[in-house]
Amino acid sequence: MIYILRGDIRIGKTTALQEWCKNRDDVDGVLCPDNAEGKRYFLEVKSKNEFELETELDTEAIIEIGNFKFLKSAFEKANAYLQSVASENESQYLIIDELGKLELKNEGLHASAEKLISNYKSDERQHLILVVRDYLLDAVLKHYAIAKYEILEKIDFENL
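Residues numbered from 1 in each chain as written. Predicted model: local features only at pLDDT ≥ 70, side-chain atom pairs only at ≥ 80, totals over all residues. Heavy atoms only, no water.

(A) Fine view of the overall build of the chain. Of regular secondary structure, the chain possesses 5 helices and 9 strands. When the elements of the chain are put in sequence order from the N terminus, they spell out β-α-β-β-β-β-β-α-β-α-α-β-α-β. For the chain, the C-alpha radius of gyration of 15 Å lies close to 15 Å, the compact-globule estimate for 160 residues. Seen along its three principal axes, the alpha-carbon backbone of the chain occupies a region of about 45 × 35 × 30 Å. Buried residues in the chain amount to 51% of all 160 residues. Across the chain, every contact between residues at least 6 apart in sequence was considered, and the portion connecting residues at least 24 apart equals 63%. Just so you have it, the chain exposes about 8300 Å², and 46% of that area is on carbon and sulfur atoms. Mean positive and mean negative side-chain charge positions of the chain (21 and 31 charges, respectively) differ by 2 Å. (Helix = DSSP H or I, 4+ residues; strand = E, 2+ residues; numbered from the N terminus. Rg over C-alpha atoms; globule rule 2.2 N^0.38 Å. Buried < 20%, exposed > 50% of the residue type's maximum accessible area, 1.4 Å probe, protein only. Contact = heavy atoms within 4.5 Å. Areas by Shrake-Rupley, 256 points an atom, 1.4 Å probe, with all protein chains shown as cover. Lys, Arg positive; Asp, Glu negative; His and termini not counted. Charge placed at Lys NZ, Arg CZ, Asp CG, Glu CD.)

(B) Fine view of the layout of surface pockets. A volume near 650 Å³ is recorded for the largest pocket. Around the largest pocket sit 30 residues that line it, and Cys-32, Arg-40, Phe-70, Glu-98 and Arg-133 are the ones nearest its centre. Residue assignment for the lining of the largest pocket shows that the elements contributing at least two residues are helix H1 (13–21), strand E6 (68–71), strand E7 (93–99), helix H3 (101–104) and strand E8 (127–133). Per element, the largest residue contribution to the lining of the largest pocket is 4 residues, and it comes from H1. Classifying every residue of the lining of the largest pocket gives 15 nonpolar, 6 polar and 9 charged. (1 Å grid on protein atoms, 1.4 Å probe; cavity = no way out; pocket = protein on both sides within 12 Å on 5 of 7 lines; lining within 4 Å. Points joined across faces, edges and corners; volume = space filled by probe spheres on them. Nonpolar A, V, L, I, M, F, W, Y, C, P; charged D, E, K, R; others polar.)

(C) A look at the pattern of salt bridges. This structure, assessed with the given rule, holds 11 salt bridges. For Glu-19, the salt bridge is made with Lys-22, and the minimal N-O distance between the two is 2.8 Å. Using a relative accessible area of 49% as the deciding quantity, one classes Glu-19 as partly exposed. Its salt-bridge partner being Glu-56, residue Lys-39 comes within 2.2 Å of it at the nearest N-O pair. (Salt bridge = Lys/Arg side-chain N within 4 Å of Asp/Glu carboxyl O.)

(D) Region of the structure containing the sheet that holds strand E9 (residues 150–152). Taken together, 7 strands build an open sheet; the order of strands is E4-E3-E2-E7-E8-E1-E9 and the sheet is mixed. Each having just a single partner strand, strand E4 (50–52) and E9 make up the two edges of the open sheet. Taken over all neighbouring pairs, the strand axes of this sheet differ in orientation by 20° on average, direction set aside. As judged from the 4 bridges shared by strand E2 (residues 27–31) and E7, these two strands associate in the parallel manner. Within E7, the position partnered with Gly-29 by the bridge is Ile-95. (Pairing = 2+ DSSP bridges. Axes fitted to C-alpha atoms, helices over the stretch in contact; angles between N-to-C directions.)

(E) Representation of the environment of His-127 in the model. Summarising the element assignment, His-127 is placed in strand E8. When residues no more than four places from it in sequence are discounted, the contact partners of His-127 are Met-1, Tyr-3, Gln-92, Tyr-93, Leu-94 and Tyr-120.

(F) Structural context of the packing of aromatic side chains. The final tally for this structure, using the stated rule, is 5 aromatic pairs. Taken together, a centroid distance of 5.2 Å and an interplanar angle of 85° make the contact between Trp-20 and Tyr-93 edge-to-face. Note that Trp-20 is positioned in helix H1 and Tyr-93 in strand E7, a separation of 73 residues in sequence. For the pair Trp-20 and Tyr-93, a shared accessibility class is recorded, and that class is buried. Seen from their ring centres, Phe-68 and Phe-70 are 5.9 Å apart, and the 10° between their planes marks the pair as stacked. Residue class for Phe-68 comes out partly exposed when judged on its relative accessible area of 27%. Residue classification places Phe-70 among the buried positions, given a relative accessible area of 5%. Among the aromatic residues, ring-to-ring pairing joins Phe-42, Phe-51, Phe-68, Phe-70 and Phe-75 into one connected group. If you follow Arg-40 out to its NZ or CZ, it ends over the ring of Phe-68, 4.8 Å from the centre. (Phe/Tyr/Trp six-rings, centres within 6.5 Å; stacked < 30°, edge-to-face > 60°. Lys NZ or Arg CZ within 6 Å of the ring centre and 35° of its normal.)

Have a look at this one:
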């Protein structure tokens, strides 16, 4: 089953997910919160391992989108993590935070999203939670050919 947590920018989607999964052992995936300096980083849900995503560096090893500069290596690591934990089939819920403009250009977390979405479409036992901004929802649904899904609001987590 695929769930989509949608919402505007900076309304607390990632924070709500962090809160929901902090005392659970059936959730894994990657979250993309902000650090104390306001820079985004990746957080592996189960292991709590953190690694830098947003950078100030000007190098060939970055992907720029708008005013943001992201490390290509961070996306490679996040994609590898998502695919490895999904293949282990240990968690009932897997989170991808988030699918956005990069993924619509087949960059960012696209590699894992493409594979995992097709795997989870018909699985009723395991659930994929995708974080998507409101204004990109239709484009993401079309890009990944998602026809069957359930929309989540931040308050819906108690029901999962």
